[in-house]
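Observations on the three-dimensional arrangement
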Amino acid sequence: MENFYKTTQEKFGPRWNKRIREVFLAVILSICPAVWSQNLSTDTVTSISLPFLEMDEKLTALSTYTLDKSFQPWAEAEKSLGNEAEFPALEMLMTRVINNQSTPEARNRACKILAIIGTDQTVPILGNLLRYGLRGGELRDVESACYALAALPYAECAEVLREELEKSQTASESARIQMINALGSRGDRESIPLLGQMALSTKNSPALAEAALRALGQMSGPEALDAVTGSLTENMNSGQEHLVEIGYEVILNQAVTIQRDTINYNAVIYEGIKNSKAVPAAIRRSALLGLIRSAGDRGVQYIRDILLGEDSSLKSAAIAAIAELPCGVSSSGFTQLMSRLTEKEQVLMIYVLASRADVFAVNEVIKALESERKELRAAAVKSAPSLPIGAKMIRSLISVMELYPSDADLVVRSLIRLPEDEMVDLYLKKLLDEYKTGQKGKKKEIMVEKLTLVLSERASAGADAPGSVSAESFSK
């Protein structure tokens with residue numbers, strides 16, 4: 001055969017020789033469809049290399065791709081992703097890459113394309129690649145196959161993953177985690193019993209148990225929730241605190257997902273976690289936030305109950321939840337509870353109230369500006385630019401700068417960030433003139449210097465903080 005090609009090339013030139021090769025390939029393809037089809041489903045993926053495949057220059061360029069070679073052949077192939085009519089031919093080409101004696105990089109590229117355009121005919125090829133990677137310890141092939149099997153919408157994909165996960169007891173931990181992650185991405189409910197067993201740290205490594213728990217967290221429904229809760233007791237007894245915390249996180253995710261169907265069930269989950277002193281504090285706070293978010297109008301009462309209660313570990317979460325309440329909810333009821341909070345909680349409350357920006361929030365921030373406690377005063381100074389600005393707010397900021405020189409630079413930064421508005425600048429200039437014409441002394445010089453700097457910076461850079469200013473707010 002090679003002599004034949006050599007003779008034709010000598011007689012007709014390389015162009016005609018190439019044409020003869022193409023015709024020969026077309027004849028082989030037309031008379032051997034059964035051979036082609038049979039080899040596509042052969043279990044030994046990389047052993048398939050038919051003679052006519054070896055003659056295909058395009059396939060060779062794709063199959064021998066490595067990171068240090070030109071990407072151009074793959075760039076040309078990927079152009080077909082923009083034309084749906086070319087998908088069947090592209091799918092055939094990608095399966096040929098996988099079935100050919102290709103490099104791991106080439107098989108990885110092929111799987112990424114098949115994840116987008118693959119049909120159910122692709123699934124057996126991906127299953128073969130997965131088995132090949134598991135048998136040979138080729139983690140890259142396992143990753144490539146799992147990537148495509150997780151993305152394609154065919155039930156057969158999950159069947160392949162489940163079957164191989166069950167059989168792959170001797171496979172590497174990393175390979176098994178890849179299959180677990182793929183089942184989680186698919187939300188495959190039929191794998192819940194298998195994953196539930198794998199979530200037990202007494203029977204599996206912590207890494208496998210964690211992967212199984214997180215995969216279960218991607219599947220909404222009581223079955224998945226029961227599998228996670230069933231693992232908690234055993235993982236607690238084994239001393240795997242990390243897995244216990246992940247289990248609670250998964251339960252919270254389940255509650256968020258389930259609320260679409262059963263709000264009451266959702267609330268029961270949150271309440272159970274929130275009230276359990278055995279649960280880590282961070283998880284209890286997350287449960288409270290979930291409860292408030294799903295409670296609608298009752299969320300305000302939940303917050304008030306926590307702030308009035310004795311469970312200090314939940315108060316910071318309750319305060320943070322105030323920021324997410326509807327705009328129509330008045331801040332008045334929360335400002336009345338300030339005296340019941342610790343200084344740290346009051347500081348957090350100031351920041352949260354500033355995000356709501358109603359009249360009660362403004363008054364509370366101004367009150368904090370007058371506080372002798374440095375941390376509370378600093379929180380108010382930083383929050384001021386987020387609020388509606390009036391003469392009283394500006395005067396309070398100036399008073400902080402005058403009474404507490406150590407806070408002067410912090411006040412200057414907030415004054416510069418006040419909303420870009422002519423009324424604000426005119427009022428600052430008025431205050432500057434008052435200091436210039438007032439009594440002499442070191443304090444006067446400092447105030448003149450600071451206000452001059454503020455006006456200069458505002459004139460050159462402008463203010464970038466949100467807020468609303470009206471002429472009425474400066475008439476007081």
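Position labels on residues start from 1 in each chain and follow its written sequence. Two thresholds apply to this predicted model, a pLDDT of at least 70 for residue-level local features and 80 or more for giving and counting side-chain atom pairs, whereas whole-chain, interface and lining totals are computed over all residues. To obtain the side-chain values, all non-hydrogen atoms of the structure were used and water was disregarded.

**A few points about the overall build of the protein chain**
Helix numbers and strand numbers start at the N terminus; a helix is a DSSP run of H or I with at least 4 residues, a strand a run of E with at least 2. Helices and strands together make up the secondary structure of the protein chain, namely 28 helices and 0 strands. The cut-offs for exposure are 20% and 50% of the maximum accessible area for each residue type, with area from a 1.4 Å probe on protein chains only; residues under the lower value are buried, those over the upper are exposed, and the others partly exposed. Within the protein chain, the fraction of its 476 residues that count as buried is 48%. Throughout, a contact is declared for two residues whenever any of their heavy atoms are within 4.5 Å. In the protein chain, the share of contacts with a sequence separation of at least 24, taken over all contacts with a separation of at least 6, comes to 67%. Shrake-Rupley sampling with a 1.4 Å probe provides the accessible areas, and residues are treated as covered by the protein chains on show and by no other component. Summed over all atoms, the accessible surface of the protein chain reaches about 24100 Å², with 52% contributed by carbon and sulfur.

**Comments concerning the pattern of salt bridges**
What makes a salt bridge here is a side-chain nitrogen of Lys or Arg within 4 Å of a carboxyl oxygen of Asp or Glu, nothing more. Summed over all chains, the structure comprises 15 salt bridges. Residue glutamate 190 is joined to arginine 162 by a salt bridge in which the shortest nitrogen-to-oxygen separation is 3.3 Å. Of the two residues, glutamate 190 is situated in the loop between helix 12 (173-186) and helix 13 (192-198) and arginine 162 in helix 11 (residues 155-167); the sequence distance between them amounts to 28 residues. Relative accessible area serves as the criterion here: at 60%, glutamate 190 is assigned to the exposed category. Salt-bridge contacts for aspartate 425 lead to arginine 458; the nearest nitrogen and oxygen are separated by 2.6 Å. Of this pair, aspartate 425 sits in helix 27 (residues 422-437) while arginine 458 is found in helix 28 (residues 442-461), placing the two residues 33 residues apart along the sequence. Residue arginine 458 is classed as buried on the basis of its relative accessible area of 6%. One continuous salt-bridge network, built from bridges that share partners, spans Arg131, Glu163, Glu164 and Lys167.

**Describing the environment of threonine 452**
Summarising the element assignment, threonine 452 is placed in helix 28. For threonine 452, a relative accessible area of 39% puts it in the partly exposed group.

**Notes on the confidence of the model for the protein chain**
pLDDT runs from 0 to 100 and stands for how confident the predictor is about each residue. Averaged over all residues, the pLDDT of the protein chain is 81; the fraction at 70 or higher stands at 81%. Low pLDDT, under 50, characterises residues 1-44; the predicted model gives this stretch 36 contacts beyond four residues in sequence or across chains. Here residues 463-473 is modelled with pLDDT under 50, and outside its nearest four sequence neighbours on either side it reaches 27 contacts, counting other chains as well.

**Examining the packing of aromatic side chains**
Note on aromatic pairs: the rings of Phe, Tyr and Trp (six-membered ring only in Trp) are paired at centre separations within 6.5 Å, and the planes decide the class, stacked below 30 degrees, edge-to-face beyond 60, tilted for the rest. Taken as a whole and assessed by the stated rule, the structure comprises 1 aromatic pair. Arranged with centres 5.8 Å apart and planes meeting at 70 degrees, the rings of tyrosine 65 and phenylalanine 71 form a pair that is edge-to-face. Its relative accessible area of 8% is what places tyrosine 65 among the buried residues. Judged by its relative accessible area of 32%, phenylalanine 71 falls in the partly exposed class. It is arginine 377 that lies over the ring of tyrosine 404; its NZ or CZ is 3.6 Å from the centre. Consider the ring centre and the ring normal. A charge sits over the ring if Lys NZ or Arg CZ is within 6 Å of that centre and within 35 degrees of that normal.

**A closer look at the nonpolar core**
Definition of nonpolar core: a set of buried residues of the types Ala, Val, Leu, Ile, Met, Phe, Trp, Tyr and Cys, connected through side-chain atoms within 4.5 Å. Leu130 and Met393 are the most contacted members of the largest nonpolar core, which totals 137 residues. Each residue touching leucine 130, except ones within four places of it in the same chain, is listed here: Val142, Ala145, Cys146, Leu149, Val160, Leu161, Glu164 and Met179.

**Focus on the packing of helix 8 (residues 104-117) against helix 9 (residues 123-136)**
Note on definitions: angles span 0 to 180 degrees between N-to-C directions of axes, and those axes are lines fitted to C-alpha atoms, for helices only across the stretch in contact. Two elements in contact, helix 8 and helix 9, have axes whose closest approach is 12 Å; the angle formed by their N-to-C orientations is 145 degrees. For the pair helix 8 and helix 9, the crossing hand works out as left-handed. Only Leu126, Leu129 and Tyr132 of helix 9 make contact with helix 8, whose side of the interface consists of Arg107, Cys111 and Leu114. Residue composition of the contact of helix 8 with helix 9, grouped by class: 5 nonpolar, no polar and 1 charged. Definitions for this section: a left-handed crossing has its near helix turned counterclockwise from the far helix by less than a right angle. A right-handed crossing has that turn clockwise. Residues are grouped as follows: Ala, Val, Leu, Ile, Met, Phe, Trp, Tyr, Cys and Pro are nonpolar; Asp, Glu, Lys and Arg are charged; all remaining types, including Gly, are polar.

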